[in-house]
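Results of the structural survey
Below are the chains, spelled out letter by letter.
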Protein chains: 2
Amino acid sequence: MNFNEEYEKRLTEIESILTRYLPEKEGYQKIIMEAMEYSLMAGGKRLRPMLMLESFRLFGGRTACIEPFMAALEMIHTYSLVHDDLPAMDNDDYRRGRKTTHVVYGEDMGILAGDALLNYAFETACKAFDLEPENSLRIGRALKILAEKAGIYGMIGGQVVDVRESGHRISGDLLEFIYRLKTSALIESAVMTGAVLAGAADEEIRRMEEIAGKIGLAFQIQDDILDVTGTEELLGKPVHSDEKNEKTTYVSWKGLEGSRREAARLTDEAIADLRALGRDSAYLEALFRWLVYRDK
Amino acid sequence: MNFNEEYEKRLTEIESILTRYLPEKEGYQKIIMEAMEYSLMAGGKRLRPMLMLESFRLFGGRTACIEPFMAALEMIHTYSLVHDDLPAMDNDDYRRGRKTTHVVYGEDMGILAGDALLNYAFETACKAFDLEPENSLRIGRALKILAEKAGIYGMIGGQVVDVRESGHRISGDLLEFIYRLKTSALIESAVMTGAVLAGAADEEIRRMEEIAGKIGLAFQIQDDILDVTGTEELLGKPVHSDEKNEKTTYVSWKGLEGSRREAARLTDEAIADLRALGRDSAYLEALFRWLVYRDK
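I will try to describe carefully the structure that is included in this document. (Residues numbered from 1 in each chain as written. Chains lettered and ligands numbered in written order. Predicted model: local features only at pLDDT ≥ 70, side-chain atom pairs only at ≥ 80, totals over all residues. Heavy atoms only, no water.)

Secondary structure assignment for chain A yields 15 helices and 2 strands. Taking 19 Å as the expected radius of gyration for a compact globule of 296 residues, we find that chain A reaches 19 Å, a close match to that expectation. Expressed as lengths along the three principal axes of its C-alpha atoms, the size of chain A is roughly 55 × 55 × 35 Å. Scored against the burial criterion, the 296 residues of chain A give a buried share of 60%. Sequence separation of 24 or more characterises 73% of the internal contacts of chain A that already satisfy a separation of 6 or more. About 11600 Å² of surface is accessible on chain A, with carbon and sulfur atoms providing 46% of the total. Counting 38 positive and 51 negative side-chain charges, chain A places the centres of these two groups 3 Å from one another. (Helix = DSSP H or I, 4+ residues; strand = E, 2+ residues; numbered from the N terminus. Rg over C-alpha atoms; globule rule 2.2 N^0.38 Å. Buried < 20%, exposed > 50% of the residue type's maximum accessible area, 1.4 Å probe, protein only. Contact = heavy atoms within 4.5 Å. Areas by Shrake-Rupley, 256 points an atom, 1.4 Å probe, with all protein chains shown as cover. Lys, Arg positive; Asp, Glu negative; His and termini not counted. Charge placed at Lys NZ, Arg CZ, Asp CG, Glu CD.)

Laid out in structure tokens, this is it:
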């Protein structure tokens, strides 16, 4: 398998799905649709919808009802970045080499664009009920996971602790708590909703959640490593920001080599767990490896 | 019927439902649960969940699956107030006589508490799937309305235009567009989700939407009137704020008497439409009248 080729193929498919599920830019409130598109279509790895689609296919899913969920999850991820960049939060002017949403549209529209993306994520996911009314029970279950993993017991919960502890040195335990909620929760959401919508068994969904938990943590560790070893050019954002902000990271906690070992160990475990499911997971395995050996 | 007595009875019931659906205050992220409770339990008329419950009962609904939706809608209404009060938006320090959420918890937590309430609204509504899995199709339909009416074609859309036009004189048409989205959309959401969950027919749901559109507009006109004629003590917020901010309102557009006539006309029409449904709507009618003759 040529990973890059396979990855690009999926990326193109995902960009086209995102474009199709964006709202038309029309009406007196047109500016908000523009701000939503600006932030959603800013590029990125599209990791979450990609993992969702792979998990869906892994368990035999073949229909289009996965697509609104893929778009919804990327909208949730994007809104969290838009709000995270606000002056009262991280106060970032650039992301992925472009001006952040509030810099282009103003702070009030930055707040509203984030709200709009979060709300539209649920509007979008609800379109699955129209596509497959006969699977309403399954869609309802996926929707519940989507909401829970994004909320106070998931992503927002991690964000809250991260914001409150910023500028303090924190324990390794608390750091792992933050990463598990802030980063892993949406990765777990991706593979779980994919599995649920494909009709996977409860035990399979539970195992996918565990695998995603490991991959999410490995992914975040690699982010910490790249903040030290990466270049601004490749990453499209300032490096050494953690050190500047005196943030506790995996690297400040376990050192560069210790962090690399931990990320590799988690990835190996996740791949072994994935293989144990006995399904055709060649691309997912390659994707997991790429995530931890990426340079951007 | 003693309206005040009936109203208080329902209010007590709703406060108890809201309390039950709030998250436990626990974990490292406890502060966000506290901020959510602070903003949600600040009092208020609880108009939206009340209308939802009445609409549900009007069409014969009797089960508990309405409760998570009632809590969800009030969470959506509350998050919109929390974000609306932020420094980059209306920059209000007081609401309902208490300090606003960002004043108490900081601007970053104000943003996150709003996000958390919006997200938790959908988590909460999804609990209906567990209560009545056999009604998943109906619950999915109600969820879709809940999401749409809160989003860019509903409340957020109105908010966007309102924010963008603040400080300008605007046309009556645009003013009505803003009110229809910013205020009426959630009132429509209330009666429509109530009707859907009770199993009302499509035509009945459409008629309830129309009735709610009229009541929402009358309600907003009365708000404009009270900003001119009310007292800070009764309203728990500053009066004459519209004049100070040079806002176009119904009163600046049609005068005090013209606005009163329009609010009364809309309410009379809504009540006639409601009676035409041929159901027991005595309390709803009284509630409609109270909304337009209230002094706070």
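From this point, the narrative continues.
For the rest of this paragraph, the subject is the nonpolar core. Nonpolar side chains in soluble globular proteins tend to end up buried together. With 176 residues, the main nonpolar core has Phe69(A), Ile76(A), Leu143(A), Phe69(B), Ile76(B) and Leu143(B) as its most contacted residues. If we ignore the near neighbours within four places in the chain, the residues touching Phe69(A) are Met52(A), Ala125(A), Ala128(A), Ile139(A), Ala142(A), Leu143(A), Leu146(A) and Leu197(A). (Core = buried A, V, L, I, M, F, W, Y, C linked by side-chain atoms within 4.5 Å.)

This part takes up empty space enclosed by the protein. Residue and element names in this part refer to chain B. Throughout the structure, instances matching the rule amount to 3 cavities of 30 Å³ or more. Here the largest cavity defines a volume of roughly 160 Å³. Every residue lining the largest cavity is counted, 14 residues in all, and those nearest its centre are Ser39, Ala42, Asp85, Arg95 and Thr101. Going through the elements one at a time, α2 (30-40), α4 (66-84), β2 (98-99) and α5 (101-105) are the ones with two or more residues in the lining of the largest cavity. (1 Å grid on protein atoms, 1.4 Å probe; cavity = no way out; pocket = protein on both sides within 12 Å on 5 of 7 lines; lining within 4 Å. Points joined across faces, edges and corners; volume = space filled by probe spheres on them.)

For these two chains of identical sequence, chain A goes onto chain B by a turn of 180 degrees and a shift of 0.0 Å along the axis, with RMSD 0.0 Å. Such a combination of turn and shift is consistent with a two-fold rotation axis. Rotation axis and chain A: the residue whose C-alpha lies nearest the axis is Ser136(A), separated from it by 2.8 Å. Looking at chain A, 100% of its interface residues are interface residues in chain B too, so the copies touch through the same face. (Least-squares fit on C-alpha atoms with pLDDT ≥ 70 in both.)

All names here are of chain B. Within the secondary structure, Arg46 is located in the loop between α2 and α3 (47-58). Residue classification places Arg46 among the buried positions, given a relative accessible area of 1%. A distance of 2.6 Å separates the side chain of Arg46 from the side chain of Glu15, its partner in a polar contact. There is a polar contact of 2.9 Å between the side chain of Arg46 and the side chain of Glu74. (Polar contact = N/O pair within 3.5 Å; in protein donor to acceptor, adjacent residues only side chain to side chain.)

Under the counting rule described, the total for this entry stands at 58 salt bridges over all chains. Among the salt bridges present, the one from Arg10(A) reaches Glu54(A), with a minimum N-O distance of 2.5 Å. One end of the pair, Arg10(A), is in helix α1 (residues 3-21); the other, Glu54(A), is in helix α3 (residues 47-58), and 44 residues separate them in sequence. Take Arg10(A) and Glu54(A): they sit in the same class, and that class is buried. A salt bridge links Glu74(B) to Arg46(B); its shortest N-O distance comes to 2.9 Å. (Salt bridge = Lys/Arg side-chain N within 4 Å of Asp/Glu carboxyl O.)

A few words on the packing of aromatic side chains. Residues and elements named next belong to chain A. One pass over the full model with this rule turns up 18 aromatic pairs over all chains. With a centroid separation of 5.5 Å and 20 degrees between ring planes, the pair formed by Phe3 and Tyr283 is classed as stacked. Taken together, the residues Phe3 in helix α1 and Tyr283 in helix α15 (residues 282-293) connect sequence positions 280 residues apart. One exposure class covers both Phe3 and Tyr283, and it is buried. A network of ring pairs unites the aromatic residues Phe3, Tyr7, Tyr283 and Trp290 as a single cluster. Arg10 extends its terminal NZ or CZ atom over the ring of Tyr283, reaching a point 3.6 Å from the ring centre. (Phe/Tyr/Trp six-rings, centres within 6.5 Å; stacked < 30°, edge-to-face > 60°. Lys NZ or Arg CZ within 6 Å of the ring centre and 35° of its normal.)

With that settled, the discussion passes to the interface of chain A and chain B. Counting residues at the interface gives 51 residues for chain A, matched by 51 residues for chain B. Summed over the three residues of chain A that lose the most area to chain B, namely Tyr28(A), Asn119(A) and Ile152(A), the buried surface amounts to 15% of that side. If you look at where chain A meets chain B, you find 2 salt bridges. Summed over the shared surface of chain A and chain B, the result is 10 residue pairs in polar contact (both at pLDDT 80 or more). Of all the secondary structure elements, the ones that give two or more residues to the side of chain A that touches chain B are α2 (30-40), α4 (66-84), α6 (107-125), α7 (127-131), α8 (136-150), α9 (155-165) and α10 (172-198) of chain A. Looking at the side of chain A that touches chain B element by element, the count peaks at 12 residues for α6(A). A class-by-class count of the residues in the side of chain A that touches chain B yields 33 nonpolar, 8 polar and 10 charged. (Buried area = accessible area lost by both parts, 1.4 Å probe. Nonpolar A, V, L, I, M, F, W, Y, C, P; charged D, E, K, R; others polar.)

Direction vectors running N to C along α9(A) and helix α6 (residues 107-125) of chain B enclose 170 degrees, while the axes themselves pass 10 Å from each other. Between α9(A) and α6(B), the crossing angle belongs to the class labelled roughly antiparallel. Mapping the contact onto sequence places Ile156(A), Gln159(A), Val160(A), Val163(A) and Arg164(A) in α9(A) and Asp108(B), Met109(B), Leu112(B), Asp115(B), Ala116(B) and Asn119(B) in α6(B). Class assignment of the residues belonging to the contact of α9(A) with α6(B) gives a composition of 6 nonpolar, 2 polar and 3 charged. (Axes fitted to C-alpha atoms, helices over the stretch in contact; angles between N-to-C directions. Parallel < 35°, antiparallel > 145°, perpendicular 65-115°, else oblique.)

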